[in-house]
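Chains, contacts and geometry: an overview
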Amino acid sequence: MKRLYITDLDGTLLNSKQQLSDYTVDALNRLIAQGVQITFSTARSFYTTSMMLNRVQFQLPCITYNGTYVIKADTGEVIRKNLLSREVFAGVLAMAKSLGLKPYIFGKTAAQEEKLLYEEPEHPAHVQFLEERQKRGDKRLQPAATFTGELTELINCNFLYPLEPIRKLEQRVLEAYGDAVSVKVVKDIYNEGYYTLEVSNKDANKGDMLDYVADLLQVERQNITAFGDQANDKEMFERAGTKVAVANANEALKALADVIIERNEKDGVVKYIETQER
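Quantities reported herein were computed from a predicted structural model and do not represent experimental measurements.

**Some details on the packing of helix α2 (residues 22-33) against helix α10 (residues 268-276)**
- Two elements in contact, α2 and α10, have axes separated by 9 Å at closest approach and are oriented at 35°. Of the two elements, α2 crosses α10, and the hand of that crossing is left-handed. For the pair α2 and α10, the contacting residues are Tyr-23, Thr-24, Ala-27, Leu-28, Arg-30 and Leu-31 in the first and Val-270, Lys-271, Ile-273 and Glu-274 in the second.
- Class assignment for the residues of the contact of α2 with α10 results in six nonpolar, one polar and three charged.

Right, here's the structure in full:
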């Protein structure tokens, strides 16, 4: 029987310091070397995950930017992309501006240089978002005001604010572009009281791209185990034969889970995989 384990990163495989423990690194490398099929699905970019996961020998296609890209983890080759249209992109930015909300814009130039364009921070969550990436030396970061080029690939636009303005923007975006977009609202696990709204292509979601990866690997859906902690993992849970939530997951996702495992701080994901592969 061919199995596939697919895990979310933040709040699930990564600890609260946004790192992998030595135990998790050693266990993953041992399991992968034994032929166990393990990959990841994340809201983060491949650029970021390549730095965060560089001690693990992932080999299979992985899902990044919540399903915008499917990328071969061992080579970095993009094998599927679901990009935002220019019309929707411009409309969403106009709606956000009318509400006084500043975006984070993710995209690529014609030279395939990835960019994360930002405006001046308004609140502590904005500051934390930028500082985390600046500390890592994130080369994508650039103030939007200084960017004079063109983004030929529009990945998504994100907004980080308290829930009330986030819901207002979500409603407007869905009313205008509901059939053309994937809109995700996820609680920020690093900043209490803040939420991220992400607008991307309608096919950019963890569920549809899990189907795509499973077809590539010829794995039956009942043989897929998915691990998660937040609302953007729900679509992945809907496709998986076994749904596993970490103990620190939100209650809505826990209610969908077949199994609750130890929290991310206790290496719950790899411990579960180890028990299944004995």
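**Things to note about the packing of aromatic side chains**
- Scanning all chains against the criterion turns up six aromatic pairs.
- Through successive ring pairs, a cluster of aromatic residues spans Tyr-5, Phe-227 and Tyr-272.
- The residue whose ring lies beneath Lys-108 is Tyr-69, and the NZ or CZ to ring-centre distance is 4.5 Å.

**Some details on the environment of Asn-29**
- Residue placement: Asn-29 occurs in helix α2.
- Judged by relative accessible area, Asn-29 falls into the partly exposed class, the value being 21%.
- Along the backbone, Asn-29 and Arg-55 are 26 residues apart, and their C-alpha atoms lie at a distance of 8.5 Å.

**Digging into the sheet that holds strand β6 (residues 104-108)**
- One open sheet holds the six strands; their spatial order is β8-β7-β6-β9-β11-β10, and the pairing between them is mixed. Here the strands that pair on one side only, and so sit at the sheet edges, are β8 (141-143) and β10 (181-187). For this sheet the average axis-to-axis angle between neighbouring strands, irrespective of direction, equals 20°.
- With four bridges joining them, β6 and strand β7 (residues 114-118) adopt antiparallel strand pairing. The residue bridging Ile-105 from the neighbouring strand is Leu-117, located in β7.
- Contacts between helix α4 (residues 86-98) and the sheet are confined to β6, β9 (153-161), β10 and β11 (195-201), with β9 contributing the most and set at about 20° to the helix.
- Against the sheet, helix α6 (residues 163-177) makes contact with β9, β10 and β11, and its axis sits at roughly 170° relative to β10, the strand it touches most.

**Overview of the nonpolar core**
- Membership of the largest hydrophobic core comes to 62 residues, with the highest contact counts inside it found for Ile-38 and Phe-58.
- In this view, Ile-38 contacts Tyr-5, Leu-28, Leu-31, Ile-32, Phe-58, Leu-60 and Ile-273; residues no more than four positions away in its chain are not counted.
- Core analysis: the next-biggest nonpolar cluster, separate from the first, contains 24 residues, Val-92, Leu-154, Cys-157 and Phe-159 among them.

**A look at the sheet that holds strand β12 (residues 224-228)**
- Spatially, the five strands line up as an open sheet ordered β2-β1-β12-β13-β14, and their pairing is parallel. One side of each edge strand has no neighbouring strand; the edge strands of this open sheet are β2 (38-40) and β14 (259-261). Each adjacent strand pair in this sheet contributes to an overall mean axis angle of 25°, direction not counted.
- Sheet topology places strand β1 (residues 4-7) next to β12; four bridges connect them, and they run parallel. Across the sheet, residue Tyr-5 finds its bridge partner in β12, namely Thr-225.

**Comments concerning unusual backbone geometry**
- One non-glycine residue, Gln-112, lies in positive phi territory at about 65°.
- Within the fold, Gln-112 resides in the loop between β6 and β7.
- At Asp-267, a position not held by glycine, the phi torsion is positive, near 60°.
- Tracing the backbone shows Asp-267 in the loop between β14 and α10.
- Using a relative accessible area of 15% as the deciding quantity, one classes Asp-267 as buried.

Cut-off values and rules
- Residues numbered from 1 in each chain as written.
- Predicted model: local features only at pLDDT ≥ 70, side-chain atom pairs only at ≥ 80, totals over all residues.
- Heavy atoms only, no water.
- Axes fitted to C-alpha atoms, helices over the stretch in contact; angles between N-to-C directions.
- Helix = DSSP H or I, 4+ residues; strand = E, 2+ residues; numbered from the N terminus.
- Left-handed = near helix turned anticlockwise from the far one by under 90°.
- Contact = heavy atoms within 4.5 Å.
- Nonpolar A, V, L, I, M, F, W, Y, C, P; charged D, E, K, R; others polar.
- Phe/Tyr/Trp six-rings, centres within 6.5 Å; stacked < 30°, edge-to-face > 60°.
- Lys NZ or Arg CZ within 6 Å of the ring centre and 35° of its normal.
- Buried < 20%, exposed > 50% of the residue type's maximum accessible area, 1.4 Å probe, protein only.
- Pairing = 2+ DSSP bridges.
- Core = buried A, V, L, I, M, F, W, Y, C linked by side-chain atoms within 4.5 Å.

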